[in-house]
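Understanding the architecture of this molecule
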Amino acid sequence: FIVGAPGASSYVQVLSGAAATVIRSHAGSGTELLGSSLAVGDFTGDGVADYAMGAPEAPGAGTSRGRVLIVNGATGVTFSTLQGLSDSDDFGESLAAIPAVSKNALGTSSLAIGADQGAILPGYVKVYSYKFAGVPPLLINLMSAEFTINGSVNGQDMGEAVASAGDVDGDG
């Protein structure tokens, strides 16, 4: 299992489910709040659970742009880092692994990332899938945005929370 400690020391630990011993640890920097949000899914299609770690206060050009680190569960290596679009986005405020969306033919998990943008702007959610091509399929793009859901009113906090709901309308 995976736990986040976004406080002063800002870190994430992956632990053995059998013995609750630490398998690996990821340290954040400064006040980025690494571990504020976490999601687990097979993003790479290798059959091993990968994980995403949100750091919504990570700086960009200014403050609180936010970032999400996506880690290969088999190796512990960060293979993709996604960042918010602008300062004060709080990108990575929330995360959810989503079972394959219809455009994601290989059945890998997609990742929904919330950016609530505080009380300044409406907020948004971006859904990313990892693209493959060829036979056998090779990972060709680590961060293809499938779609974005934008809030409509400043201060709405769209993206404050996201969760997987399965295929509630039966469209695949």
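See above for the structure.
A few points on the structure. This structure is a prediction, so every number in the text was calculated from the model and none was measured.

**Describing the pairing of strand S1 (residues 2-5)**
Sheet topology note: the S1/strand S2 (residues 11-15) ladder contains 4 bridges and is antiparallel. Counterpart to Ile2 in the pairing with S2 is Val14. In this structure, the hairpin formed by S1 and S2 is closed by a connection of 5 residues, where Ser10 is found at a positive phi of approximately 50°.

**A few points about the sheet that holds strand S7 (residues 78-83)**
The strand order across the open sheet built from 4 strands is S4-S5-S6-S7, with neighbouring strands paired in antiparallel fashion. The outermost strands of the open sheet, each flanked by one partner alone, are strand S4 (37-41) and S7. Here the average twist between neighbouring strands, direction ignored, is 15°. The pairing of strand S5 (residues 50-55) with strand S6 (residues 67-71) spans 5 bridges and is classified as antiparallel.

**Structural notes on the pairing of strand S9 (residues 110-115)**
The element S9 is largely enclosed, with a buried count of 6 among its 6 residues. Residues of S9 alternate between two faces, with Ser110, Ala112 and Gly114 on one and Leu111, Ile113 and Ala115 on the opposite face, all of them buried. Bridge analysis of strand S8 (residues 91-98) against S9 gives 6 bridges, and the strand direction is antiparallel. Residue pairing across strands places Leu95 opposite Ile113, the latter belonging to S9.

**Some points on the packing of aromatic side chains**
To describe a pair of aromatic rings, you give the distance between the ring centres and the angle between the ring planes. Inspection of the entire model under this criterion finds 1 aromatic pair. Ring centres of Phe91 and Tyr124 lie 6.4 Å apart, and the angle between their planes is 35°; this geometry places the pair in the tilted category. Pair noted here: Phe91 is in strand S8 and Tyr124 is in strand S10 (residues 124-133), with a separation of 33 residues, a long-range link. We classify Tyr124 as buried; its relative accessible area is 4%.

The rules behind each value
Residues numbered from 1 in each chain as written. Predicted model: local features only at pLDDT ≥ 70, side-chain atom pairs only at ≥ 80, totals over all residues. Heavy atoms only, no water. Pairing = 2+ DSSP bridges. Helix = DSSP H or I, 4+ residues; strand = E, 2+ residues; numbered from the N terminus. Axes fitted to C-alpha atoms, helices over the stretch in contact; angles between N-to-C directions. Buried < 20%, exposed > 50% of the residue type's maximum accessible area, 1.4 Å probe, protein only. Phe/Tyr/Trp six-rings, centres within 6.5 Å; stacked < 30°, edge-to-face > 60°.

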